[in-house]
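Fold and geometry: a report
So the chains spell out like this:
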Protein chains: 2
Amino acid sequence: MEVLTSRKNPLVRQAAALKEAAARRREGLFLCEGARLCRDAALSGVEIRRCFFTRRAQERYGGYLEPVLAACREGYLVEEHVAQVLSDTKNGQELFCVCVLPRRDPREAPEGPCLVLEDVQDPGNLGTVLRTAEAFGIGEMVLAGSCCDPYSPKALRAGMGAAFRAVPRVAGDAGEAADWLRGHGYRCHGAVPDAGALPIDQVELSWGRHAVFVGNEGNGLRAQTLARMDDRVTIPMAGRAESLNASAAATVLLWEMCRKHGEENHG
Amino acid sequence: MEVLTSRKNPLVRQAAALKEAAARRREGLFLCEGARLCRDAALSGVEIRRCFFTRRAQERYGGYLEPVLAACREGYLVEEHVAQVLSDTKNGQELFCVCVLPRRDPREAPEGPCLVLEDVQDPGNLGTVLRTAEAFGIGEMVLAGSCCDPYSPKALRAGMGAAFRAVPRVAGDAGEAADWLRGHGYRCHGAVPDAGALPIDQVELSWGRHAVFVGNEGNGLRAQTLARMDDRVTIPMAGRAESLNASAAATVLLWEMCRKHGEENHG
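Residues numbered from 1 in each chain as written. Chains lettered and ligands numbered in written order. Predicted model: local features only at pLDDT ≥ 70, side-chain atom pairs only at ≥ 80, totals over all residues. Heavy atoms only, no water.

Observations regarding the interface of chain A and chain B
On the side of chain B, 33 residues touch chain A, which itself brings 33 residues to the contact. Interface area, chain A with chain B, both sides summed: about 2,600 Å², of which 58% is carbon and sulfur. At the boundary of chain A with chain B, the tally comes to four salt bridges. In this assembly, chain A and chain B are joined by eight residue pairs in polar contact (both at pLDDT 80 or more). Taken together, the elements giving at least two residues each to the side of chain A that touches chain B come down to α3 (35-43), α7 (123-135) and α12 (246-266) of chain A. Looking at the side of chain A that touches chain B element by element, the count peaks at nine residues for α12(A). When the residues that make up the side of chain A that touches chain B are grouped by side-chain class, the tally is 13 nonpolar, 10 polar and 10 charged. (Contact = heavy atoms within 4.5 Å. Buried area = accessible area lost by both parts, 1.4 Å probe. Salt bridge = Lys/Arg side-chain N within 4 Å of Asp/Glu carboxyl O. Polar contact = N/O pair within 3.5 Å; in protein donor to acceptor, adjacent residues only side chain to side chain. Helix = DSSP H or I, 4+ residues; strand = E, 2+ residues; numbered from the N terminus. Nonpolar A, V, L, I, M, F, W, Y, C, P; charged D, E, K, R; others polar.)

So this is what it looks like as structure tokens:
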């Protein structure tokens, strides 16, 4: 197996560049770091172009590396200083793979309950929400407006590989996403911090054909998006509403979508 | 007003030491950083011993500083290099106060729904849970076992001052906390990731006299704690349960306690 000793190796430079959004868009690739995430990518059927690892990673994470090597054509041993330029963390696991950005076929019809995020800026929040949606079995997700990239190193870490298994769709505009969903028979609910809106626990949310729209951490949904909703829903609170952060609010909304499914099944 | 120019000033050294848990315990004090947190401490009736701020902070955050200065006897202007030794963040706001650790009177009876955390290790998780509990109006909180300190700089930041307004109780042992709560007529529910336990949405959780126990991020509740619960509850999931992180699980449990209250009120 070839050992890469230089940070200036073109493959290393290309991989390191993928930490930035512009390079991911240009190349249609992303960089995945860490034993568990790389293994998850391989087992989830993500297309892996190549992987890089140090001898130390090979010794420590052999069981994780195996499915990665089986899934990709090119594996490279790298020296530790090379691993450093690829890493996004302080004490990384020195195991990386370059993967093809997964894409949803836009002609594929939406299925089951759907979460639409608009302008969510924080990659940690975005990853956490994708991870929670996966826990609750909600696999239809649309990222609209200026949402951050779910395939950035930080979003991938927070998401624990959820974006490999349920690939989010991307929409330029949340209003257009609403029209598209309605065209498939969905009702669109806009989440607002407004005590006058429909309490989410009292909204009929059967398992299919409901989409909940959640906006930016500080500003919520855009006015023009809210104008295209079928109704406005809210989380009724006995306490201090400003204390609920964006990802906690999304957790409650996802849970309510999931819980209503349970009620349907259990009677 | 006195200007402190040396990092070796005894007041500065004492304040900086409060970033560590041992010093907080020894002195019965904690250090609060940032314009909003310091103002929240003052407005929440936390006892403030003294505050430190740079001239820049005084110019930028005058409105926040005002209630702080009104609440404490001693205010000190400090030079920027002094503010650096007090700060726990990279680009801080150069505004700090030294506060007396709030304590609950252990003889005071518990009131309303209660969340008990056991061995929660991550200060970010702990702060987020306190913040979410406050959003849902749940003000009775017990930190048991080896929970981290809610008055560390990181937990305070994540908690947005929730620990000023609803002071958590501290218990050496979650089992003893359960006995104490039962002595006050509470039912104790242990949260477990076990599909065979009672689904939380089907547990009768009236607003008063119910306590939900949540364990460590990786290991859950200790066996001896679980043995002292009245029942075991779980979050039924349609998806991949391992994807639900500790603070998302706590959010769902807190919401269910809050939601049941709404149902009681609305019929």
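A word on the packing of helix α3 (residues 35-43) of chain B against helix α5 (residues 62-71) of chain B
All names here are of chain B. Running from N to C, α3 and α5 cross one another at 40°; their axes reach a closest spacing of 8 Å. Classed by the angle they form, the pair α3 and α5 counts as oblique. Between α3 and α5 lies a crossing of left-handed hand. Residues A35, R36, C38, R39, A42 and L43 of α3 touch α5, and the partners they reach there are Y64, P67, V68 and A71. Of the residues in the contact of α3 with α5, the class split is eight nonpolar, no polar and two charged. (Axes fitted to C-alpha atoms, helices over the stretch in contact; angles between N-to-C directions. Parallel < 35°, antiparallel > 145°, perpendicular 65-115°, else oblique. Left-handed = near helix turned anticlockwise from the far one by under 90°.)

Comments concerning the packing of aromatic side chains
All names here are of chain A. For the structure on display, the rule yields 10 aromatic pairs over all chains. Each ring, one from F136 and one from W255, has its centre 5.7 Å from the other, and the planes form 50°; the classification is tilted. Taken together, the positions of F136 in the loop between α7 and β7 (140-144) and W255 in helix α12 put the pair 119 residues apart, joining distant regions of the chain. Both residues of the pair, F136 and W255, belong to the buried class. (Phe/Tyr/Trp six-rings, centres within 6.5 Å; stacked < 30°, edge-to-face > 60°. Buried < 20%, exposed > 50% of the residue type's maximum accessible area, 1.4 Å probe, protein only.)

Description of the domain arrangement of chain A
All names here are of chain A. Domain annotation for chain A reports domain 1 (3-100) and domain 2 (114-266). A straight line from the C-alpha centre of domain 1 to that of domain 2 covers 31 Å. Facing 13 residues of domain 1, the contacting portion of domain 2 comprises 11 residues. Between domain 1 and domain 2, a total of about 1,000 Å² is buried, with carbon and sulfur atoms accounting for 64% of that surface. The interface formed by domain 1 and domain 2 includes three salt bridges. When the shortest N-O distance is used, the salt bridge between R24 and D149 registers 2.7 Å. For the pair domain 1 and domain 2, the number of links is three residue pairs in polar contact (both at pLDDT 80 or more). When residues in the side of domain 1 that touches domain 2 are grouped by element, the largest group, four residues, is from α3. When its residues are assigned to classes, the side of domain 1 that touches domain 2 shows six nonpolar, two polar and five charged. (Domains from an automatic or database assignment.)

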